[in-house]
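One letter stands for each residue in the lines below.
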Amino acid sequence: MAKQLKRTDSGSGQGLLWLFGAILVVQGFGSAITEAGWDTSFGVAGLLRAAHLPEWVTLLVGFAGVVLLGMAARRRYARSRAERHPVASRDIP
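Residues numbered from 1 in each chain as written. Predicted model: local features only at pLDDT ≥ 70, side-chain atom pairs only at ≥ 80, totals over all residues. Heavy atoms only, no water.

Here's the deal with helix α3 (residues 57-84)
Okay, so step 1: Taking 1.5 Å as the rise per residue, α3 with 28 residues should run 40 Å; its terminal C-alpha atoms sit 41 Å apart, in good agreement.
Okay, so step 2: Listing the buried residues of α3 in full gives V57, T58, V61, G62, G65 and A72. (Helix = DSSP H or I, 4+ residues; strand = E, 2+ residues; numbered from the N terminus. Expected span 1.5 Å × (residues − 1). Buried < 20%, exposed > 50% of the residue type's maximum accessible area, 1.4 Å probe, protein only.)

Quick look at unusual backbone geometry
Glycine aside, residues mostly have negative phi angles, and peptide bonds mostly take the trans form.
Okay, so step 1: In this structure, D39 is a non-glycine residue whose phi angle is positive, near 55°.
Okay, so step 2: Topologically, D39 is positioned in the loop between α1 (11-38) and α2 (43-50).
Okay, so step 3: Of note, the phi angle at H52 is positive, near 60°, even though the residue is not glycine.
Okay, so step 4: Considering the arrangement of structural elements, one finds H52 in the loop between α2 and α3.

Describing α2
Since there are 3.6 residues in each turn of an α-helix, residues three or four apart along the chain are aligned in direction.
Okay, so step 1: Taken together, the buried positions of α2 are occupied by V44, A45 and L48. Angular distribution of buried residues about the axis of α2 spans 100°; they occupy a single face of the element. Facing away from the buried side of α2, by more than 90 degrees, are the exposed residues L47 and A50.
Okay, so step 2: Following α2 by one or two positions, H52 has its phi on the positive side, about 60°. (Arc of directions from axis to C-beta.)

Comments concerning the side chain of E35
Okay, so step 1: Locating E35 in the fold gives a position in helix α1.
Okay, so step 2: With residues near it in sequence (within four places) discarded, E35 still touches T40, S41, A45, R49 and E55. (Contact = heavy atoms within 4.5 Å.)

Considerations on the packing of α2 against α3
Okay, so step 1: One way to put it is that α2 packs onto α3 with a least axis distance of 9 Å and a crossing angle of 140°. Classed by the angle they form, the pair α2 and α3 counts as oblique. The crossing of α2 and α3 is right-handed. The residues of α3 that touch α2, namely those facing V44, A45, L48 and R49, are V57, T58 and V61.
Okay, so step 2: Split by residue class, the contact of α2 with α3 holds 5 nonpolar, 1 polar and 1 charged. (Axes fitted to C-alpha atoms, helices over the stretch in contact; angles between N-to-C directions. Parallel < 35°, antiparallel > 145°, perpendicular 65-115°, else oblique. Left-handed = near helix turned anticlockwise from the far one by under 90°. Nonpolar A, V, L, I, M, F, W, Y, C, P; charged D, E, K, R; others polar.)

Pasting the structure below:
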């Protein structure tokens, strides 16, 4: 009998990467743009200002979101590629 390995990459985990990545991008870069253009802060920027952190930290939040979105995109690409080109199953004794 051939043994098949189960994939540990769940669909909900993949969806959470997309969600958190998008939230961090909007909060990080959106907060920085709003603060630069209208001299007001919202969301993450407001919390970071209350904590007396430098203004560039909001950009780090945006870049963290970009990293999460990149990870989600890479996993999706790898999954779709694996489904198009499946590896031949072998009998494992």
